[in-house]
Amino acid sequence: MNYIKELQTKDLILGKAKLEDLHSIFNNYWCSVISAKYMLWEPQKNLEEAQERLNKTIIFQKEHFAFFIYDKNSGEAIGQAGMMEIEKGIWEDIGIGMGEKFVGMGYGKQILNCFIDYLFTDMNAQKIICSCHTDNIPSKKLQLSCGMKFAFSKEFTRKKDNLTYLAQYHAITKKEWKKLRGKK
């Protein structure tokens, strides 16, 4: 499927990864232990590891609703975000993450609301689901602030460190979104 190549919010551009993003994505996000804390990936230790990951990311993003997050002012890649259709009309996040110096600025809310609006309006989504570790309070607050409601919890074991954790899932339906946005 051909997905949109770019979306914009007030402060951000969500666009497809490019080779020239290597230094900014590595320095702003991929090398960060703090940013990787609740994620499934390990921080990259050096530019060689980051280059390999970037090459794979470019290929992945061509075929998926997945993007680098770019700061509009600097043009730098500061994180990643994406969704995946898991069943017809049902979309689930594959992550929204940014470097720690970009957290707490309202960017996550801009991204999630942008995705929700686009998927319901342009991709005929019927339901959108997001998940987070139960102890990732900022992620949980983000999902709830965008109109999502608790749906269920599920236990996982993370491959990178064998950590067993409980994930909380939050969801919003198209009907709930329309009511929230005042649409008919």
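Read on for a plain summary of the structure. (Residues numbered from 1 in each chain as written. Predicted model: local features only at pLDDT ≥ 70, side-chain atom pairs only at ≥ 80, totals over all residues. Heavy atoms only, no water.)

## A few points about the overall build of the protein chain
So, point 1. Within the protein chain, the secondary structure is distributed over 6 helices and 8 strands.
So, point 2. Starting at the N terminus and walking to the C terminus, you meet the elements of the protein chain as β-β-α-α-α-β-β-β-α-β-α-β-β-α.
So, point 3. Scaling as 2.2 N^0.38, a compact globule of 184 residues should have a C-alpha radius of gyration of about 16 Å, and the protein chain matches this with 16 Å.
So, point 4. Considering only C-alpha atoms, the protein chain reaches an extent of 50 × 35 × 30 Å along its principal axes.
So, point 5. Taking all 184 residues of the protein chain together, 47% fall into the buried category.
So, point 6. Contacts spanning at least 24 positions in sequence make up 62% of the contacts within the protein chain whose residues lie at least 6 apart.
So, point 7. For the protein chain, the accessible area works out to roughly 10200 Å², and carbon and sulfur atoms hold 53% of it. (Helix = DSSP H or I, 4+ residues; strand = E, 2+ residues; numbered from the N terminus. Rg over C-alpha atoms; globule rule 2.2 N^0.38 Å. Buried < 20%, exposed > 50% of the residue type's maximum accessible area, 1.4 Å probe, protein only. Contact = heavy atoms within 4.5 Å. Areas by Shrake-Rupley, 256 points an atom, 1.4 Å probe, with all protein chains shown as cover.)

## Focus: the pattern of salt bridges
A side chain with one charge may pair with a side chain of the opposite charge, provided their charged atoms come close.
So, point 1. Overall, the coordinates contain 6 salt bridges when judged by the stated rule.
So, point 2. Lys18 is the partner of Asp21 in a salt bridge, and the nearest nitrogen-oxygen pair spans 3.6 Å.
So, point 3. Residue class for Asp21 comes out buried when judged on its relative accessible area of 4%.
So, point 4. Note that Asp117 is salt-bridged to Arg181, the shortest N-O span being 2.9 Å. Separated by 64 residues along the polypeptide, Asp117 in helix H4 (residues 107–122) and Arg181 in helix H6 (residues 174–181) bring together distant segments of the chain. (Salt bridge = Lys/Arg side-chain N within 4 Å of Asp/Glu carboxyl O.)

## Brief notes about helix H5 (residues 137–145)
So, point 1. Among the residues of H5, those classed as buried are Ser139, Leu142 and Gln143. The buried residues of H5 occupy an angular sector of 95 degrees when the element is viewed end-on, so they sit on one face. In H5, the exposed residues that point more than 90 degrees away from the buried face are Pro138 and Lys141.
So, point 2. At the C-terminal side of H5, Gly147 shows a positive phi close to 95 degrees. (Arc of directions from axis to C-beta.)

## Re the state of the cysteines
So, point 1. Applying the stated rule across the entire model yields 0 disulfides.
So, point 2. Cys146 supplies the cysteine sulfur nearest to Cys114, a cysteine that is in no disulfide, at a spacing of 11 Å.
So, point 3. The buried category is assigned to Cys114, whose relative accessible area is 14%. (Disulfide = S-S within 2.5 Å.)

## Looking at the environment of Thr57
So, point 1. Mapped onto the fold, Thr57 is located in helix H3 (residues 47–62).
So, point 2. Once the C-alpha coordinates of Thr57 and Ala17 are considered, the two residues, 40 residues apart in sequence, prove to be 7.0 Å apart.
So, point 3. For Thr57, the residues in contact, after removing those within four places along its chain, are Ala17, Trp30, Phe68 and Gln80.

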